[in-house]
Amino acid sequence: MGSKYFQELRVYKLAEKLADEIWKIVNDWDIFAKNTIGTQIVRSADSIGANIAEGVGRGSFQDNKRFIKIARGSLNETQHWLRRAYTRKLLTIEQVDKLKLMINDLAPQLNSYLKSVGNNVEQ
């Protein structure tokens, strides 16, 4: 298996880790917060990994790049909802710090993965 496979797997695993952490946090919120912002943030976070997986499964560089861009948009949406959750006092500083570390790791790796798709024959 090539290095692109491992890069793809690493990015996908980071996306899963972020989504799972957000799920754990939202699961402790009250029903109103869960049903409003919680649903949105979980869906956007889950969408990051789902779009990475779908892009890989499409079988063409163009489709894969398109889905990686959609995953990047879902990451941006997730960051939006995290800011709203923090403003509404649904997140602790510790949770924000942990999620920031994950996002600061995932975002550049997602961009790097996007740049690498289609750049050589090893895919």
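The following paragraphs examine the structure supplied in this document. Note that this is a predicted model, so its numbers are computed, not measured. (Residues numbered from 1 in each chain as written. Predicted model: local features only at pLDDT ≥ 70, side-chain atom pairs only at ≥ 80, totals over all residues. Heavy atoms only, no water.)

**Points about the packing of helix H2 (residues 31–58) against helix H3 (residues 61–87)**
Convention followed: Where helices are involved, their axes are fitted lines through C-alpha atoms of the stretch in contact, as for all axes, and angles between N-to-C directions lie from 0 to 180°. For helices the rule is a DSSP run of H or I covering at least 4 residues; for strands it is a run of E covering at least 2, with both sets numbered from the N terminus onward. An angle below 35 degrees is read as roughly parallel, one above 145 as roughly antiparallel, one from 65 to 115 as roughly perpendicular, and any other as oblique. Less than a right angle of anticlockwise turn of the near helix away from the far helix marks a crossing as left-handed, whereas a clockwise turn marks it as right-handed. For this classification, the nonpolar set comprises Ala, Val, Leu, Ile, Met, Phe, Trp, Tyr, Cys and Pro, the charged set comprises Asp, Glu, Lys and Arg, and every other residue, Gly included, is treated as polar.
The interhelical angle for the contact between H2 and H3, taken along N-to-C directions, is 165 degrees, at an axis separation of 8 Å. Comparing their axes, H3 and H2 come out roughly antiparallel. The hand of the H2/H3 crossing is left-handed. For the contact of H2 with H3, a count of residues per class yields 13 nonpolar, 8 polar and 6 charged.

**Let's talk about empty space enclosed by the protein**
Cut-off, in case you're wondering: Here the term cavity refers to a set of points on a 1 Å grid, laid over the protein atoms alone, in which a 1.4 Å probe fits but cannot get out; the term pocket refers to an open set having protein on both sides within 12 Å along at least five of seven lines, with lining residues being those that place an atom within 4 Å of a point. Grid points are joined across faces, edges and corners, and a volume is the space filled by probe spheres set on the points.
For the coordinates displayed, the defined rule picks out 1 cavity of 30 Å³ or more. In this structure, the largest cavity spans a volume of roughly 40 Å³. Surrounding the largest cavity, Ile22, Ile25, Val26, Trp29, Ile41, Leu82, Ala85, Leu91 and Leu99 form its lining. Mapped by element, the contributors of at least two residues to the lining of the largest cavity are helix H1 (3–27) and H3. In terms of residues, the lining of the largest cavity owes the most to one element, H1, which gives 3 residues. Considering only residue class, the lining of the largest cavity consists of 9 nonpolar, no polar and no charged.

**Digging into helix H4 (residues 93–116)**
Selection rule: Take the residue count of a helix, subtract one, and multiply by 1.5 Å to get its expected span. Partly exposed residues are those whose accessible area sits between 20% and 50% of the maximum for their type, while under 20% is buried and over 50% is exposed, using a 1.4 Å probe and protein chains only.
Between its first and last C-alpha atoms H4 spans 35 Å; for 24 residues at 1.5 Å apiece the expected length is 34 Å, and the two agree. Considered for burial, the residues of H4 that qualify are Val96, Leu99, Met102, Ile103, Leu106, Gln109, Leu110, Tyr113, Leu114 and Ser116. Phi turns positive one or two residues past the end of H4, at Gly118, with a value near 85 degrees.

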